Amino acid sequence: MKTSLTRYLPLLLPLLLIACKPEIDFTVTGTDGAGEPSAENAIEFVARAEEQLAELGQEAERMAWVYSNFITEDTEKLSAIANEKFTARQVEFAAEAAKFNDTEGLDSDTRRKLNMLRSGIVIPAPGDPAKTAEQSEIGARLGGMYGKGEYCYANGNCLDLGLLSDIMADSRDPEDLLEAWNGWREVSPPMRDLYARQVELANEGAAELGFPDLGTMWRSAYDMPPEDFPAELDRLWGEVKPLYEALHCHVRAKLGEQYGTALVPQDGPIPAHLLGNMWAQDWSNIYSLVAPEETVASYDLTAILKDRGFDAITMVQAGEAFFSSLGFEQLPETFWERSLFVKPEDRDVVCHASAWDVDEKDDLRIKMCIKVNAEDFKTIHHELGHNYYQRAYNKESYLYRSSANDGFHEAVGDTIALSITPEYLQKIGLLENVPDASGDIALLMKRALEGIAFMPFGLLVDQWRWQVFAGEAGPEGYNDLWWQLREKYQGVKAPNDRPADAFDPGAKYHVPGNTPYTRYFLARILQFQFHRTLCEIAGDEGPVHRCSIYGNTQAGERLNAMLEMGRSQPWPDVLEALTGQHDMDATAILDYFAPLKSWLDEQNQGRQCGW
Ligand code: X8Z
Ligand code: ZN
């Protein structure tokens, strides 16, 4: 809902999109002075709220942009102030909206928008202005701590997350991996008490709006009763889990061969520092360790991009060209002028990739510290997906300028990325020869190391937060709960005993950045549903993992038609408009990976799987 930003993803601030301009008139909202909470007054109230929030949004958005591009004490403060004003306003509107709960005769749009106003705040603040200010300051501080984070080695060499991540990706020395892994986790212990206070304040804010806790408020954003949502996630995860377990089993066996079974016991969770990624959420960097031996070597997109002299800009241009081939209008000139593509040498910035729509018209931007590699090539498509979505729904009214549910926003660019197939790379001149069908297992393995490996992580981050919000773990128990969930869902374990003050969840952007995470789990399901449908529309009759919709304007039109709907309808209806299906459905992902699943099952014969 609109209460989730124009900047997609990373909510640097605890807030959604906006903050306010001091010159705006804040008087008279809601039912005050407007008589009874009648249906007529509700319409008027919603219109007023939309107008004010739309206007207020831009300044906070600009403030947040400046802050995350120049992290200093001053921009932190300015950003917190802007955020505080916006939050206060949002909370007032939410409370006003609740007054219409029992109003009869509301039309469905007004009812929908009132619900959005009431429940769509990511981090609601208590009504007390001092607490709102405190909460905004904490939010800004946490974002800055993460953005500025670095680890200094004994030789005085200090590395930021990007460089530490390079070690996680490339090193095969367990000691180096462990130091980088531990080093990054030194950034987060000072966040723990601030985070705990933020939870306390946000829960108070949620309670004032009538929710038992913040987790329930977050789960209210899915066009179904909040209590049904976890069961829906369990259903989807239950379907994908056997595939994940098969992948886990094979990867663990191969890591055992690489590092020895003393380090990687073959009947337990995998040590989290050996999977090629700081959070073990994407395993594609260890492809060479787990690659199918009998299939022909597939291509190495990182090497191709480097050999062809790609840089950050030309990589983004290639992403834009894909969308253009589907019939999407080119990005505006300002996108190229205002985006941040490369990490600046001279200042701290938030490098975590994000996409922005500053004026909700066409001031689209991305902010990324792009490296020339396959992973960032994919992330560029991910971010551009956000931008094209933002542009597609910009004719909707303010509260509907968002995705059908938050998983949809995350799924669009990832759907396009599934079309970066060997055939596509050949078409655009990056690959001479397309591997024949014997290369499919290699291709699917790479995709699974990204997408399937990610799924339990995508689920557990909010399982952790929901329990924290519900008071099931206090600050002393945060870290243990985190590792219980990592073991339960991912089958990974901390590589060493965690220090008493460890706050490992804080070492993942979205926790200090307060960005809900279940959206990425949903996106994994949705992207394969979208891909399957778009390939059908494109008339592709081959295996779906080989299909690329590049150049197919019918597929582009149908995709755009869905994007244009924004959040104006319940997500099942939006999903149906594109796919004909009313439900999220894991069969698309399972069908896509079916050949790999058979292959993994063969490899795993005789191995003891599970943890
Ligand atoms: O945060 C992101 C995007 C921005 S919305 C780069 N992602 C999650 C992550 O990095 O943890 C994309 C995949 C999951
Ligand atoms: Zn995203």
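Another point: the coordination of the zinc ion (ligand 2). Within the first shell, the zinc ion (ligand 2) binds the protein through His382 (NE2), His386 (NE2) and Glu410 (OE), at distances of 2.0 Å. The site at the zinc ion (ligand 2) holds four donor atoms, and with the angles between them running 91 to 131 degrees, its shape is tetrahedral. Site description for the zinc ion (ligand 2): donor spacing in sequence, H-x3-H-x23-E. One end of the pair, histidine 382, is in helix 14 (residues 374-392); the other, glutamate 410, is in helix 15 (residues 406-417), and 28 residues separate them in sequence. With respect to class, histidine 382 is no different from glutamate 410; both count as buried.

Between helix 17 (residues 440-469) and helix 22 (residues 587-603), the shortest axis-to-axis distance is 10 Å and the interhelical angle comes to 115 degrees. One element, helix 17, and the other, helix 22, form an angle in the roughly perpendicular class. The handedness of the crossing between helix 17 and helix 22 is left-handed. Mapping the contact onto sequence places Ile441, Leu444, Met445, Arg447, Ala448, Ile452 and Met455 in helix 17 and Ile589, Tyr592, Phe593, Pro595, Leu596, Trp599 and Leu600 in helix 22. Of the residues in the contact of helix 17 with helix 22, the class split is 13 nonpolar, no polar and one charged.

As a further point, take the state of the cysteines. Tallied over the full model, the rule gives four disulfides. Paired through a disulfide, cysteine 249 and cysteine 609 show a sulfur-sulfur distance of 2.0 Å. The chirality of the disulfide connecting cysteine 249 with cysteine 609 is left-handed, given an S-S dihedral of about -80 degrees. Within this pair, whereas cysteine 249 is found in helix 9 (residues 229-259), its partner cysteine 609 is found in the segment after helix 22, the two being separated by 360 residues in sequence. The exposure class assigned to cysteine 609 is partly exposed, which follows from its relative accessible area of 37%. Linked covalently through their sulfurs, cysteine 535 and cysteine 547 form a disulfide whose S-S length is 2.0 Å. Torsion about the S-S bond of the cysteine 535 and cysteine 547 cystine: about -100 degrees, corresponding to left-handed handedness. Placement of cysteine 535 in helix 19 (residues 518-537) and of cysteine 547 in the loop between helix 19 and helix 20 (553-564) is noted, with a sequence separation of twelve residues between them. Assessed through its relative accessible area of 4%, cysteine 535 is described here as buried.

A few words now on a negative patch on the surface. On the surface, a cluster of negative charge is made up of Asp173, Glu175, Asp176, Glu179 and Glu186. Relative to the assigned elements, glutamate 186 resides in the loop between helix 6 (174-184) and helix 7 (192-208). Residue glutamate 186 is classed as exposed on the basis of its relative accessible area of 54%.

Moving on to the confidence of the model for the protein chain. For the protein chain, the mean per-residue pLDDT works out to 92, and 94% of the residues sit at or above 70. Considering only residues more than four positions removed or in separate chains, one finds that residues 1-5, a stretch of pLDDT under 50, has 26 contacts. Across residues 9-34, where pLDDT falls below 50, the model places 118 contacts with residues more than four positions away in sequence or in other chains.

Before going further, it helps to examine the layout of surface pockets. Of the pockets and cavities examined, the second largest pocket occupies roughly 190 Å³. Considering the residues around the second largest pocket, the lining is formed by eleven residues, among which Asn115, Met116, Ser119, Ser220 and Asp223 are closest to the centre. Split into classes, the residues belonging to the lining of the second largest pocket amount to four nonpolar, three polar and four charged.

Let us look at unusual backbone geometry. Residue alanine 280 is not a glycine yet carries a positive backbone phi of 55 degrees. Take alanine 280: it is sitting in the loop between strand 3 (270-271) and helix 10 (287-290). Given the relative accessible area of 0%, alanine 280 is considered buried. Even without a glycine there, the phi angle at glutamate 360 is positive, about 55 degrees. Of the residues examined, glutamate 360 reaches a relative accessible area of 9% and is grouped as buried.

We now examine empty space enclosed by the protein. A full pass over the atoms with the stated rule returns six cavities of 30 Å³ or more. Taken as a whole, the second largest cavity encloses approximately 100 Å³ of empty space. Looking at the second largest cavity, the residues that line it are Lys378, Asp414, Ala417, Leu418, Arg447, Glu450, Gly451, Arg524, Gln527, Phe528 and Phe593. Elements supplying a minimum of two residues to the lining of the second largest cavity: helix 15, helix 17 and helix 19. Looking at the lining of the second largest cavity, its residues break down into four nonpolar, two polar and five charged.

Criteria and cut-off values
Residues numbered from 1 in each chain as written. Chains lettered and ligands numbered in written order. Predicted model: local features only at pLDDT ≥ 70, side-chain atom pairs only at ≥ 80, totals over all residues. Heavy atoms only, no water. Donors = N, O, S within 2.8 Å, 3.2 Å for Na, K, Ca; no water. Tetrahedral: all angles 85-135°; square planar, octahedral: opposite > 155°, others 65-115°. Helix = DSSP H or I, 4+ residues; strand = E, 2+ residues; numbered from the N terminus. Buried < 20%, exposed > 50% of the residue type's maximum accessible area, 1.4 Å probe, protein only. Axes fitted to C-alpha atoms, helices over the stretch in contact; angles between N-to-C directions. Parallel < 35°, antiparallel > 145°, perpendicular 65-115°, else oblique. Left-handed = near helix turned anticlockwise from the far one by under 90°. Contact = heavy atoms within 4.5 Å. Nonpolar A, V, L, I, M, F, W, Y, C, P; charged D, E, K, R; others polar. Disulfide = S-S within 2.5 Å. Patch = residues over 30% accessible without salt bridge, like charges linked within 9 Å, V, L, I, M, F, W, Y side chains within 5 Å. Areas by Shrake-Rupley, 256 points an atom, 1.4 Å probe, with all protein chains shown as cover. Salt bridge = Lys/Arg side-chain N within 4 Å of Asp/Glu carboxyl O. Lys, Arg positive; Asp, Glu negative; His and termini not counted. Charge placed at Lys NZ, Arg CZ, Asp CG, Glu CD. pLDDT = per-residue confidence, 0-100. 1 Å grid on protein atoms, 1.4 Å probe; cavity = no way out; pocket = protein on both sides within 12 Å on 5 of 7 lines; lining within 4 Å. Points joined across faces, edges and corners; volume = space filled by probe spheres on them.

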